[in-house]
Amino acid sequence: LNNKHFVGRLPTYSTSSIQVAESHNSKITSIQAIRFDQEQLQMSSYQIASLDEHGVIVIWVVLPVLDTSFSGSQTDLGLRPGGKIKLVKSASINANFPQNSPDLFPELRTYAFQQSYSDSNLYYVATDKGAVLKASRTQSLSHPNYYAEENAVPSIVGSIDFNKFNWKYFLSGSSDGSISLYAVGRSTPLVVWDRSTRGRPIRSVRWSHYSSTIFYVMDSANKFYLWDLSVRDSTPLVIETYDQKGLLSFTELLPSAAGQSSPVIILGFKDGSIAAHHVKEEAMNNKVDNVTKLQGYLSLVL
């Protein structure tokens, strides 16, 4: 193609060929690996969870195929010829607003989700109604059932992430440019940065693995933001713009992988290039233990 050679790769398994009842019937918006505690890990196979835009979460067990055949499978149409891995549906969960909430959300759409760190059966689901819902495999939900800012104009919550040092707190990023910091035991935000990107939609918000007060934001205008709440919470520490290349994604190297005491950020661009950035230690406040840094910040603002 255009004097370039491309190698086509076929999947070992595809749910497009199995019955609708065993899969999703709308666009998949997010996929995650499922975490287990140590006892569950010894008893369970590897599993993943997928979310579609109608709020359905499907749990899949990933299993090896012991008897592979290049003629395919007559009983499992999702298994490709020669495939060595298959997916088996384990359960499905529907994320919905509680029955006692106002009936203002007739067509719910969901865009992101996170598994709870304290309960492997519990998921937090981001919606287009400005709220984050709870959904559970056990059907028993503790209060609150959902999280939202009071009296706010509904916007699309496109990204959520739990603090890596204290799972009781999570961030959400919305299409109106607002960032909200929640505690799992309270339905309304602890802190809201309502114009953090000057109204540009937030595509991703992620807590750091290095510090409980550092998080990163990527917006729809190719801008990348680094916040450290222990330094200041009024504006980001760093704002970088990548208009020419087009910022597509980012990730943070884990401390053990980076071998550094400060973050290393990997940025991916639309032109196919990748850039690595090292955050200077003097730009951050690392004098306080990570377990107490976020609590120290919250004690000042609440």
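Residues numbered from 1 in each chain as written. Predicted model: local features only at pLDDT ≥ 70, side-chain atom pairs only at ≥ 80, totals over all residues. Heavy atoms only, no water.

*Asks:* Teacher, can you tell me more about the nonpolar core here?
*Replies:* The tendency in soluble globular proteins is for nonpolar side chains to be buried side by side. By size, the foremost hydrophobic cluster in this structure holds 19 residues, and its most contacted members are L171, I179, L181, W193, F215, V217 and W227. Residues in contact with I179, not counting those within four places in the same chain, are L171, S172, V191, V192, W193, S196, I202, F215, V217 and W227. Counting 14 residues, the second-largest nonpolar core is a separate cluster that includes I59, A91, V125 and L133. (Core = buried A, V, L, I, M, F, W, Y, C linked by side-chain atoms within 4.5 Å. Buried < 20%, exposed > 50% of the residue type's maximum accessible area, 1.4 Å probe, protein only. Contact = heavy atoms within 4.5 Å.)

*Asks:* I would appreciate a short explanation of the sheet that holds strand β18 (residues 264-269) in the present structure.
*Replies:* In a beta sheet, neighbouring strands pair by backbone hydrogen bonds and run either parallel or antiparallel. Read from one edge of the open sheet, three strands run β17-β18-β19, paired in antiparallel fashion. Edge strands, defined here as strands with exactly one partner in the open sheet, are β17 (247-252) and β19 (274-278). Each strand axis lies, on average, 20° off the axis of its neighbour in the sheet, ignoring direction. (Pairing = 2+ DSSP bridges. Helix = DSSP H or I, 4+ residues; strand = E, 2+ residues; numbered from the N terminus. Axes fitted to C-alpha atoms, helices over the stretch in contact; angles between N-to-C directions.)

*Asks:* Mind showing me how you'd approach the pattern of salt bridges here?
*Replies:* Pairing of side chains with opposite charge becomes possible as their charged atoms draw close. The tally for this structure, following the rule as stated, stands at three salt bridges. Between K129 and D128 there is a salt bridge, with the nearest N and O atoms lying 3.7 Å from each other. (Salt bridge = Lys/Arg side-chain N within 4 Å of Asp/Glu carboxyl O.)

*Asks:* I'm lost on the packing of aromatic side chains in this one. Help?
*Replies:* Geometrically, a pair of aromatic rings is defined through the distance of the ring centres and the angle of the planes. Applying the stated criterion across every chain, the model contains 17 aromatic pairs. Considering the side-chain rings of W193 and F215, the 5.9 Å spacing of their centres and the 50° angle between planes classify their relative orientation as tilted. Taken together, the residues W193 in strand β12 (residues 191-193) and F215 in strand β14 (residues 214-219) connect sequence positions 22 residues apart. The pair formed by W193 and F215 is uniform in burial state, with each residue classed as buried. These aromatic residues form a ring-pair network of at least three members: Y117, Y124, Y147, F162, F170 and Y182. (Phe/Tyr/Trp six-rings, centres within 6.5 Å; stacked < 30°, edge-to-face > 60°.)

*Asks:* Hey, could you run me through the side chain of S136 in this one?
*Replies:* Of note, S136 is situated in strand β7 (residues 131-136). Judged by relative accessible area, S136 falls into the buried class, the value being 4%.

*Asks:* I would appreciate a short explanation of unusual backbone geometry in the present structure.
*Replies:* Most of the time, phi is negative for any residue but glycine, and the peptide bond is trans. For the peptide bond that leads from H143 to P144, omega is 0°, which places it in the cis range. On the secondary structure map, P144 appears in the loop between β7 and β8 (146-148). The phi dihedral of R198 is positive, around 60°, even though this residue is not glycine. Along the chain, R198 turns up in the loop between β12 and β13 (202-207). Its relative accessible area of 69% is what places R198 among the exposed residues. Although it is not a glycine, N222 sits at a positive phi angle of roughly 65°.

*Asks:* Sorry if this is basic, but what is going on with a negative patch on the surface here?
*Replies:* A contiguous patch of negative charge, built from E149, E150, D176 and D194, is present on the exposed surface. Within the secondary structure layout, D194 lies in the loop between β12 and β13. (Patch = residues over 30% accessible without salt bridge, like charges linked within 9 Å, V, L, I, M, F, W, Y side chains within 5 Å. Areas by Shrake-Rupley, 256 points an atom, 1.4 Å probe, with all protein chains shown as cover. Lys, Arg positive; Asp, Glu negative; His and termini not counted. Charge placed at Lys NZ, Arg CZ, Asp CG, Glu CD.)

*Asks:* Just checking my understanding: could you explain the sheet that holds strand β11 (residues 179-183) for this structure?
*Replies:* Sheet architecture is open: four strands sit in the order β9-β10-β11-β12, paired in antiparallel fashion. Unpaired on one side and paired on the other, β9 (157-162) and β12 mark the two borders of the sheet. Each strand axis lies, on average, 20° off the axis of its neighbour in the sheet, ignoring direction.

*Asks:* When you look at the environment of K168 in this model, what are you seeing that I'm missing?
*Replies:* With respect to the element layout, K168 can be found in the loop between β9 and β10 (169-174). K168 sits in the partly exposed class, given a relative accessible area of 44%. The spacing of K168 and V184 is 16 residues in sequence and 5.4 Å in space, taken between C-alpha atoms. Once residues within four sequence positions are removed from consideration, K168 is found in contact with Y182, A183 and V184.

None of this, on its own, says anything about what the molecule does.
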